Structures are given as C-alpha cells and as structure tokens.
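# Architecture and fold: a report
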Amino acid sequence: MPLQIQKSSWSTTELEDLRDLARTFCQKELVPNQERWAAEKKVDRELWTKAGGVGLLALSIPEEYGGGGGTFAHEAVLYEEQARSGDSAWGVTVHNGIVAHYILEYANEEQKRAWLPKFASGEMVGAVAMTEPGTGSDLQNIKTRAVRDGDHYVINGAKTFITNGFHADLVVVAVKTDPDAGAQGVSLIAVETDTPGFSRGRVLDKIGLKGQDTAELNFDDVRVPAANLLGAQEGLGFIQLMQQLPQERLIIAVTAVAGMEAAIDQTIAYTKDRQAFGRPVYNFQNTKFKLAEAATEAAVSRAFLDQCIERHLRKELDVQGAAMAKLWTTERVNKVVDDCLQLFGGYGYMTEYPIARAWADIRISRIFGGTSEIMKEIISRTL
C-alpha cells in the first residue's frame, strides 16, 4: 500500500483534473527519456512545444496574455506531478513560476503581449540569470554591468548555474546599472538570446539534475532596447527579486515535499518485495521504524506546505514564511531520501534505481534559491 497522502486543503475538482493531465504528460513525455536527457545534459526542445500544446505552460498567467488564467495552485499541481514522476530535467518551474511572472509583473504592456503568449505556447523558453562565477547569494555585489547608451543598454558580464540556459530564448538578467549604489544599483533587464554579443558557455556537469541544461551565459557588448528594463526606473531590481523570491522558494518546497513522498512510496514497495534472511526487508523493526519516521516527516511537511500555499493564494505569504518553508522542507527531504536510500542497501547506490537519482538530485535544494544558511539569516532577522 502506498503512502497515504491527505488531500491538500487548497485542492479542487478542477485542480484534480489538471493533476490527471499533468501525471499523464509526465509519464508519457518525461519518464521514458531520463537516461538520454542525462547523457545529453538537456531535454528535447520539442518538449516545450508539446507542453504548450496541452496547456501546461504559463498556467498562472492571465488568459489575455495567452496563459491558463490559473493560480499558483495550478502550478503546484504540475510541479508535484513532475517531482513524483522522478524527473528533474525539465526546467518548467523556472519558466512558468519565475520568469513568466517577472515579465507579467514588471514588463510593459507591449512586451507582455509579445512575450507571454510565446511562453504559453513553448515557442519561447525563459531563464533568469542572477548568479555569477564569483557571486552566489550576495546579489547586491554582482559585477555584470548595463550602461545606458541613448535608447539602449550595453551589457557586459558573465552568469553561471543558469537553469534552461541552453534552450532559453529570453533571459531576465540581474545587472548593475549603478556600480556604486549597492542593492539600489541592481536592475533587471530582459535579453532575447538572438541578440548579438550574447553567447552560451558550457552546459555544466553536476552531481545531480543531470538532464537539466544548467549553463554559463556570456554578455559581450550586448545592446538591448532601454524598454527592456523591467520596472519604471533603474535600481528596482533588488526589490523585484525580493518580491518574487517567496514564490520561487515556495516552488522549491513544493517539489521537496512531493519528492519526499515519492521516495517513501518507492521504499515501501522495495522493502516489502526485497527478501533478506528469509523475510521481507520491511518486516525488520529498523525498516518499519525508519519508514514510520519518514512518513511522519512527510506528513508534517505536507501540512506546513499546504498552509503556506493557502497563504500565498491569499497573497499573505511573506519573506519569512517562504524562507521557513524552504528551510524546513529541503532539510527534511535530504534526510528522508538518505534514510530511504539506506534501506535499498547496495542497490540504492546504483543509478538505475530512481532512489539513487533522487538522492543526488535533491542535494541542490539546500543550496539554490538561497542556501539553508541564508534562510536562517532571513528568519532570524524577524525574531
């Protein structure tokens, strides 16, 4: 019997219908391609247009811009089903839940109508470029510069660890428009990747997320229209990042909890089937106790996550709450998946088993979107 998961308080019949669609899509389009995508370090470009064709892109973007007209709950359903399928290659969370919302919230009307319908169809893939080779969580000290030159900005610099970096057609880039102003000198500029001077570096080798096209990006005198500045004026980038980071961190929490539940399901099934010393591995007290602990961790995490999603749907989730959600769920999923892998014995170390891939994939969750240490710093400021 699989792990019993309480139906989320924010779920509806419409969302459960969407869940069926998302689950079918993930099983058909994602699951069979995991090994090939890992070898190629990227998903197929056609995956994006397939997803757009069935209505799984731009789910929470208003219909007037070509989106699904839904809420974050619609996004959460898709992300949960992707995590439960075992896929970590498709960067839909960044495209749907992060980049599309930077455009929706801060771009001008002409840009919204030009870009967002293409996000919804899969014709355009989005990425956000914050991190630099010498800068991790310290975004106010980025070095990438954007200098105003008439009705254009000229951008120079380099970014790294960029999800969707290989396929991206539009990148929201964090730049310094005033290098002497600290956080007040940060701006966000949208760059279309067919612009001269833009180039992609290597797709990076990683411990996990093997099929995700995490890449380096380079900007060498990239000239973009001044209208591509997101927001009414320069210097708003840091505020915009802080406004959007709670949703990004909640997305990470969503995938962490769904990944935790999937790992427990796999481990229950494996230990009930696997024999050792003449009986199922599940029948040993240590196994049952470890799985009892894991199921409890998952249940508590699910309850807290659902509370945070409800708050976010009411536009009440604050920076502290999102940081707590990310900190708790990512620390828990790392512990739970490690305990689950142990119950597989030597087979847990074999990459042909989903639990091994999950163990490697989820390690980044304590780092990206702000490290666990940064989350603690954020939370502590409100105490």
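As recorded in an unreviewed UniProt entry, the chain goes by the name Acyl-CoA dehydrogenase, listed as coming from Amycolatopsis lurida NRRL 2430. Regarding the chain, the relevant UniProt record gives this comment under Cofactor (unreviewed entry): "FAD". You can read under Sequence similarities (unreviewed entry) in the UniProt record for the chain the words "Belongs to the acyl-CoA dehydrogenase family."

### Quick notes on the pairing of strand 2 (residues 145-149)
In this sheet, strand 3 (residues 152-162) lies alongside strand 2 in antiparallel orientation, the contact comprising five bridges. Counterpart to V147 in the pairing with strand 3 is V154. Where strand 2 hands over to strand 3, the hairpin turn is made up of two residues, of which G150 adopts a positive phi near 65 degrees.

### Some thoughts on the pattern of salt bridges
All chains considered together, the criterion is met by 26 salt bridges. We note a salt bridge from R23 to E81, for which the minimum N-O separation is 3.1 Å. Placement of R23 in helix 1 (residues 13-30) and of E81 in helix 4 (residues 72-85) is noted, with a sequence separation of 58 residues between them. Since its relative accessible area comes to 4%, E81 is described here as buried.

### With respect to the environment of A256
Of note, A256 is situated in helix 7 (residues 237-273). In sequence terms A256 and I362 are 106 residues apart; their C-alpha atoms lie 7.5 Å from each other.

### Focus: the side chain of H95
By the secondary structure assignment, H95 is in helix 5 (residues 92-106). Among the residues examined, H95 registers a relative accessible area of 0% and is labelled buried. Here G126 takes part through its backbone nitrogen, which lies 3.0 Å from a polar atom of the side chain of H95. Setting aside chain neighbours within four positions, we find H95 in contact with W48, L57, A100, F119, M124, V125, G126 and N164.

### Some thoughts on the UniProt feature "domain: Acyl-CoA dehydrogenase/oxidase N-terminal" (unreviewed entry) in the chain
Listed under "domain: Acyl-CoA dehydrogenase/oxidase N-terminal" (unreviewed entry) in the UniProt record, and renumbered for this structure, are residues 12-123. Across residues 12-123, helical content stands at 67% and strand content at 0%; the span's end C-alpha atoms are separated by 30 Å.

Conventions we followed
Residues numbered from 1 in each chain as written. Predicted model: local features only at pLDDT ≥ 70, side-chain atom pairs only at ≥ 80, totals over all residues. Heavy atoms only, no water. UniProt positions renumbered as here; feature names shortened; annotations may be inferred. Pairing = 2+ DSSP bridges. Helix = DSSP H or I, 4+ residues; strand = E, 2+ residues; numbered from the N terminus. Salt bridge = Lys/Arg side-chain N within 4 Å of Asp/Glu carboxyl O. Buried < 20%, exposed > 50% of the residue type's maximum accessible area, 1.4 Å probe, protein only. Polar contact = N/O pair within 3.5 Å; in protein donor to acceptor, adjacent residues only side chain to side chain. Contact = heavy atoms within 4.5 Å.

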